[in-house]
Amino acid sequence: MDSFTTPLLAGTATGALLLIAALGLALTFGQMGVINMAHGEFLMAGAYTAFLTQQVISNTDISILVAIPVAFVVAGLLGLLLEMTVISWMYRRPLDTLLVTVGVSLVLQQLAKDIFGAQGDPVESPGWLDGNVDVFGYNWPYRQMFTIVLALVSLCVLAALLKYSSFGRQIRATVQNRDLAETVGVRTRVVDRLTFFLGSGLAGVGGVAVSLISGTNPRLGTTYIISAFLVVVAGGLGQLKGTVIAAFAVGIATAFFADWTSASMAQVATFALVVVFLQLRPQGLFTVRSRGLA
Amino acid sequence: MIEIKGVTAGYGRTMVLHDVSLEVPVGGAVAVMGHNGAGKTTLLRVAVGLIPVRSGTVLLDGEDVTGLRPSGRVRRGLGYVPQGQQAFPHMTTLENLQLITTDRSAIDEVLDTFPALRGLLGRRAGLLSGGQRQQLSIARTLLTRPRMLILDEPTEGIQPNVVAEIEEVITDLTRRGDLSVLLVEQHVGFALRATDRYSVLESGRVTSSGEGGEGALDAVRAAMAV
């Protein structure tokens, strides 16, 4: 049983991390179509925010809870800054956006190295996350369970926002038909900026979760960015449920491959699996049908 | 009221409209007719703000809105029903309407105009028929409470029984008195019945204009035959 539950539960936690990283991308890439390679650095910004919050609030039981909204705002503001200064000039020019955001990503990594050093810093987990629970012989750490809860809460909040709020309807309208949205009174430029703020902020929240598991690191973002893009594409662009399933599928598959082979071979095998899947189903897991509508 | 003054506009370096002037007075209704490619839709898109002008101005209730984005013009009382029964396909009929307002009484009011939509509120707009989508498009625009309504071929590609219904609604709107209407329409007879003035556009220029009404039918057909 242990050879099944260990990769399943550890993989679920990895999937949850991927999900938080991919949720923001599902907005900025899946919905808006912007290829932002600096998205991983917003994850890193979230991790460093958790570290800095612990320097200010030494009580780790509280600091991590404070770090989550602060990381959301810090990463969100970084995203907003990037959108206003760079990306807004490059809408409908995906290749240019990709190249420029790779540059921004490198600049942010170097900035983090200069400020915090190349080695990275540990983020202490709060007392209430120390310990684990026995599930069929696997000692499942509370930290991993916390990651899953955080991912699911982020998902529910985002889904509810998109579905039930006026702002959510404006995001969906802008994504589905920008010109039409403008002509019914939606200020699409404002919506673009707020969407970028939201998507980047979610990456910041993901960064807090990552920091609890692996600490901070200037290159932390690069670990997740490719996997997060794969998750969004495999799930189907513009589809949150596809992103959720793809994130957990990739996380769990990677954990099983790692159990059977090695960690690096598991990455290769998972990527190969996703590539084969996309060859068979290029539109991803889910697509939305409509009656011949533009 | 909208005044389009000496507008030259197009796509990239290709100009489609050349020094076009047109005015719809308060409470008036003007039909713009012409063959395919004459520049009718381009003219409306300029009026709405989707295409920038190379030269000329667009005034809405006397205010120069030439540099204003479409959403800004909507807030100043301009409503636009685009060509092609456009809706937000992955949103339900109700969500399409709630994009403008969540005020249930306002939504009920427009649903009274298009009762067929009542039973389709939970259906995704992408799954509606062309006629239903066009009704939704007009209903959604009416929810913005426009003082100047612009319609681009509202009956194009719609089954005949729904066309009659849409024509009736548009004719009622043009008779309201508090609403100015600019209508682009291929069905010349309907366009002239529904409006009180017409302009014929050919190759991006206004070549003819005059009083509307069914009496103008021969004059318009002659102008369009040139």
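The structure under discussion appears in the preceding block.
Predicted model, so just to flag it, every value in this text is computed and none were measured.

Draft legend 1. Summary view of the overall build of chain B. Scanning chain B for helices and strands turns up eight helices and 10 strands. Relative to the globule expectation of 17 Å for 226 residues, the C-alpha radius of gyration of chain B, 17 Å, shows essentially globular dimensions. Going through the 226 residues of chain B one by one, you find that 48% of them count as buried.

Draft legend 2. Representation of the overall build of chain A in the model. In terms of regular secondary structure, chain A is built from 11 helices and two strands. Taken from N to C terminus, the helices and strands of chain A fall in the order α-α-α-α-β-β-α-α-α-α-α-α-α. For chain A, the C-alpha radius of gyration of 19 Å lies close to 19 Å, the compact-globule estimate for 294 residues. Taking the principal axes of the C-alpha coordinates as reference, chain A spans close to 55 × 45 × 35 Å. A buried classification covers 52% of the 294 residues belonging to chain A. Counting only contacts in chain A whose residues sit at least 6 apart along the sequence, the fraction spanning at least 24 positions is 78%.

Draft legend 3. Quick look at the pairing of strand β7 (residues 148–152) of chain B. Residues and elements named next belong to chain B. With five of five residues buried, β7 lies mostly within the body of the structure. Where burial is concerned, the two faces of β7 agree: the one with Met148, Ile150 and Asp152 and the one with Leu149 and Leu151 are both buried. In this structure, β7 lies alongside strand β8 (residues 180–184), joined through five bridges in parallel fashion. Within the sheet, the bridge partner assigned to Met148 lies in β8 and is Ser180. For the segment spanning β7, helix α6 (residues 160–175) and β8, crossover handedness is right-handed.

Draft legend 4. Quick peek at unusual backbone geometry. Located in the positive-phi region is A:Phe136, a residue other than glycine, with phi close to 45°. Turning to its location among the elements, A:Phe136 is positioned in the loop between β1 (132–135) and β2 (138–141). The phi dihedral of B:Glu153 falls on the positive side, at around 45°, and the residue is not glycine. Turning to its location among the elements, B:Glu153 is positioned in the loop between β7 and α6. Judged by C-beta crowding, with 22 C-beta atoms within 10 Å, B:Glu153 ranks as buried.

Draft legend 5. Fine view of the interface of chain B and chain A. Across the contact, 23 residues belong to chain B and 19 residues belong to chain A. Put simply, the parts of the chain that give the side of chain B that touches chain A at least two residues each are α2 (70–75) and α3 (93–98) of chain B. For the side of chain B that touches chain A, the leading source of residues is α2(B), giving four residues. Here the residues of the side of chain B that touches chain A sort into 12 nonpolar, seven polar and four charged.

Draft legend 6. Summary view of the sheet that holds strand β10 (residues 205–211) of chain B. All names here are of chain B. Read across the sheet, six strands follow the order β6-β7-β8-β3-β9-β10 without closing on themselves; strand pairing throughout is mixed. If you trace the sheet from one side to the other, it starts and ends with β6 (78–81) and β10, each paired once. With strand direction ignored, the average angle separating the axes of adjacent strands in the sheet is 15°. The sheet contacts of helix α1 (residues 40–48) involve β3 (29–33), β6, β7, β8 and β9 (197–202), and relative to β7 the element is tilted by about 150°.

Draft legend 7. Looking closely at the sheet that holds strand β2 (residues 14–24) of chain B. All names here are of chain B. The strand order β2-β1-β4-β5 describes an open sheet built from four strands, whose pairing is antiparallel. Unpaired on one side and paired on the other, β2 and β5 (63–64) mark the two borders of the sheet. Where strand β4 (residues 53–60) lies against β5, two bridges are found, and the strand directions are antiparallel. Each bridged residue has a counterpart across the sheet, and for Leu60 the counterpart in β5 is Glu63. Most of the contacts of α1 go to strand β1 (residues 2–11), to which it runs at about 115°, and overall it touches β1, β2 and β4.

Draft legend 8. Geometry of the environment of A:Phe146. Checked against the element boundaries, A:Phe146 lands in helix α5 (residues 142–164). Given 20 C-beta atoms within 10 Å, A:Phe146 falls into the buried group.

Draft legend 9. Just the nonpolar core, in detail. In this structure, A:Leu19, A:Ile20, A:Ala22, A:Ala228, A:Val231, B:Ala47 and B:Ile150 are the most contacted members of the largest nonpolar core, which totals 153 residues. Considering every element that reaches this core, the biggest residue donor is helix α1 (residues 2–31) of chain A, with 15 residues. Setting aside anything within four residues of it in sequence, one finds A:Ala228 in contact with A:Leu18, A:Ala21, A:Ala22 and A:Leu25.

Draft legend 10. Structural context of the environment of B:Leu127. Residues and elements named next belong to chain B. Within the element layout of this structure, Leu127 appears in the loop between α4 (104–113) and α5 (130–143). Owing to 16 C-beta atoms within 10 Å, Leu127 belongs among the partly exposed residues under this scheme. Each C-alpha atom of the pair Leu127 and Thr93 lies 9.8 Å from the other, and the pair is 34 residues apart in sequence.

Draft legend 11. Local environment of the packing of helix α6 (residues 166–176) of chain A against helix α8 (residues 188–214) of chain A. All names here are of chain A. Remark: α6 packs on α8, axes separated minimally by 10 Å, with the N-to-C direction vectors making an angle of 105°. Viewed along their axes, α6 and α8 adopt a mutual orientation that is roughly perpendicular. In this structure, α6 uses Phe167, Gln170, Ile171 and Thr174 to contact α8, whose residues at the interface are Thr188, Val191, Leu194 and Thr195. Classifying every residue of the contact of α6 with α8 gives four nonpolar, four polar and no charged.

Draft legend 12. Quick peek at the packing of helix α9 (residues 220–235) of chain A against helix α10 (residues 240–260) of chain A. All names here are of chain A. Running from N to C, α9 and α10 cross one another at 130°; their axes reach a closest spacing of 7 Å. As summarised for this structure, α9 and α10 are arranged oblique, according to the angle between their axes. At the point where α9 passes α10, the crossing takes the right-handed sense. The segment α9 lies against α10, with Ser227, Leu230, Val231, Val232, Ala234 and Gly235 engaging Gly242, Thr243, Ile245, Ala246, Ala247 and Val250. Of the residues belonging to the contact of α9 with α10, the class tally is eight nonpolar, four polar and no charged.

Draft legend 13. Representation of the environment of B:Ser199 in the model. Residues and elements named next belong to chain B. Position of Ser199 relative to the elements: it lies in strand β9. Ser199 sits in the buried class, given 23 other C-beta atoms within 10 Å. Between the C-alpha atoms of Ser199 and Ala38, which are 161 residues apart in sequence, the distance is 12 Å. Once residues lying within four places of it in the same chain are set aside, the contact partners of Ser199 are Leu22, Val30, Val32, Val206 and Ser209.

Conventions adopted
Residues numbered from 1 in each chain as written. Chains lettered and ligands numbered in written order. Predicted model: local features only at pLDDT ≥ 70, side-chain atom pairs only at ≥ 80, totals over all residues. Helix = DSSP H or I, 4+ residues; strand = E, 2+ residues; numbered from the N terminus. Rg over C-alpha atoms; globule rule 2.2 N^0.38 Å. Buried ≥ 20, exposed ≤ 12 C-beta atoms within 10 Å, placed from the backbone. Contact = placed C-beta atoms within 7 Å. Pairing = 2+ DSSP bridges. Right-handed = clockwise from strand over helix to strand, strands pointing away. Nonpolar A, V, L, I, M, F, W, Y, C, P; charged D, E, K, R; others polar. Axes fitted to C-alpha atoms, helices over the stretch in contact; angles between N-to-C directions. Core = buried A, V, L, I, M, F, W, Y, C linked by C-beta atoms within 7 Å. Parallel < 35°, antiparallel > 145°, perpendicular 65-115°, else oblique. Left-handed = near helix turned anticlockwise from the far one by under 90°.

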